[in-house]
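A look at the structure
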Amino acid sequence: MKVAVLGAGAIGAYVGAALHRAGADVHLVARGPHLAAMRQHGVHVLSPRGDFTAHAHATDDPAEVGPVDFVFLGLKAHSYAACGPLIEPLLHDSTAVVAAQNGIPWWYFHRHGGPYDGHRVESVDPHGTVSAVLAPERAIGCVVYAATELEGPGVVRHLEGTRFSVGEPDRSLSPRCRAFSEAMQAGGLKCPVEPDLRNDIWLKLLGNISFNPISALARATMRQMCRHGGTRRVIEIMMTETLAVAEALGCEVGVSIERRLAGAERVGDHRTSTLQDLERGKPLELDVLLAAVVELAQITGVEVPTLRTVHAISDLLASRSAA
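One structure accompanies this document, and this report is about it. All figures in this text were calculated on a predicted structure; none of them were measured in a lab.

**Looking at the pattern of salt bridges**
On inspection of all chains with the given rule, the structure shows 18 salt bridges. For Arg223, the salt bridge is made with Asp269, and the minimal N-O distance between the two is 3.4 Å. One end of the pair, Arg223, is in helix α7 (residues 222-227); the other, Asp269, is in the loop between α9 (257-267) and α10 (273-279), with 46 residues separating them in the sequence. Judged by its relative accessible area of 28%, Arg223 falls in the partly exposed class. In this structure, Arg232 and Glu258 form a salt bridge, with 2.9 Å as the shortest nitrogen-oxygen distance. Of this pair, Arg232 sits in helix α8 (residues 229-248) while Glu258 sits in helix α9, and the two are 26 residues apart along the sequence. When its relative accessible area of 17% is taken as the criterion, Arg232 is described as buried. In this structure Glu258 comes out as partly exposed when scored by relative accessible area, which is 45%. Within the structure, one salt-bridge network assembled from shared partners comprises Arg227, Arg232, Arg233, Glu236, Glu258 and Glu265.

Structure representation (structure tokens):
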């Protein structure tokens, strides 16, 4: 199996290292000091499950790699529309794109069925610019339940979780999903093939839609947000509104809000990816989290006043941090 990791940051490098350890032909696409370190020393993973180093090929030029069986997309969702020159050299007719993004994916209504089949979520895929680069037919959805950070160039700190749930937009248990799942499991990761990954998308989103923007606005860790009474209540309301939108679209999360909060608190003093991006002066990935759900609430007729309020304030923060 030949795999390219496009955007080999904390999650991408961790997945690439695990796949390389399992014997896959892995190519890490990155840039800057992180790329230089991976070229010289490999990817060093620090994990409570055991440290290891993987010496996979690393480059900033996908043309060096050529067509692959799978592209694991570790880029932030706001970079998708502009990634055409990077991903095109990696594609052949049957290349699958495993998109490890938070929030609502651009392919969400592709082969969805029902009244919204084929609907484009404008917040995620404005004017079809993402679909033009990443054909929905190539997409394998991926929901990440792992927390990682780049501790330094070439060094990934794995904090917790090893599950990467995958699934087809049409809900089939396809051979390509099974092949990717088996390779991930051989590398020591959990990778179940879900018959309807959209339920997992909403389960993960339940936390991201609330913790990520609040963490950036308050500069707070997971534990701090959960233990502050007022903030915890706001998060509960945001989760309740999110569940109402998910249910209107026929999805069942299957986990109570209290259980979701308890799980988040156990993560401890972890800084969300949005807070990390804010601290590093990077664009904030909020459209696929908040704006998309507000848009889906509009088309389904669900009232989400708290989500709208937090979106307005965090959108101002995002615009100022990008200035």
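Still to come is the rest of the account.
**Considerations on empty space enclosed by the protein**
In the structure shown here, the tally under the stated rule is one cavity of 30 Å³ or more. As a volume, the largest cavity reaches approximately 70 Å³. Surrounding the largest cavity, Ala99, Gln101, Asn102, Gly103, Pro105, Trp107, Gly141, Cys142, Val143, Ile201 and Lys204 form its lining. Residue assignment for the lining of the largest cavity shows that the elements contributing at least two residues are β8 (139-152) and α6 (197-218). Here the element with the most residues in the lining of the largest cavity is β8; it accounts for three residues. Classifying every residue of the lining of the largest cavity by side-chain character gives six nonpolar, four polar and one charged.

**Overview of the layout of surface pockets**
In this structure, the second largest pocket encloses a volume near 210 Å³. As for the second largest pocket, its lining consists of 15 residues, of which Ala77, His78, Ser123, Val124 and Asp287 are closest to the centre. Taken together, the elements giving at least two residues each to the lining of the second largest pocket come down to α4 (129-133), α11 (287-300) and α12 (305-322). For the lining of the second largest pocket, a count of residues per class yields nine nonpolar, three polar and three charged.

**Some details on α9**
Of the positions making up α9, those classed as buried are Ile257, Arg260, Leu261, Gly263 and Ala264. Within α9, the buried residues cover an arc of 160 degrees as seen down the axis, which keeps them to one side. In α9, those exposed residues whose orientation departs by more than 90 degrees from the buried face are Arg259 and Arg266. At its buried positions, α9 is contacted by α6, α7 and α8. Positive backbone phi, approximately 85 degrees, marks Gly268, located one or two places after α9.

**A few points about unusual backbone geometry**
Backbone geometry at Arg111 places phi at a positive 55 degrees, although glycine is not the residue there. With respect to the secondary-structure elements, Arg111 resides in the loop between β7 (96-99) and α4. Residue Arg111 is classed as exposed on the basis of its relative accessible area, which comes to 52%.

Criteria and cut-off values
- Residues numbered from 1 in each chain as written.
- Predicted model: local features only at pLDDT ≥ 70, side-chain atom pairs only at ≥ 80, totals over all residues.
- Heavy atoms only, no water.
- Salt bridge = Lys/Arg side-chain N within 4 Å of Asp/Glu carboxyl O.
- Helix = DSSP H or I, 4+ residues; strand = E, 2+ residues; numbered from the N terminus.
- Buried < 20%, exposed > 50% of the residue type's maximum accessible area, 1.4 Å probe, protein only.
- 1 Å grid on protein atoms, 1.4 Å probe; cavity = no way out; pocket = protein on both sides within 12 Å on 5 of 7 lines; lining within 4 Å.
- Points joined across faces, edges and corners; volume = space filled by probe spheres on them.
- Nonpolar A, V, L, I, M, F, W, Y, C, P; charged D, E, K, R; others polar.
- Arc of directions from axis to C-beta.
- Contact = heavy atoms within 4.5 Å.

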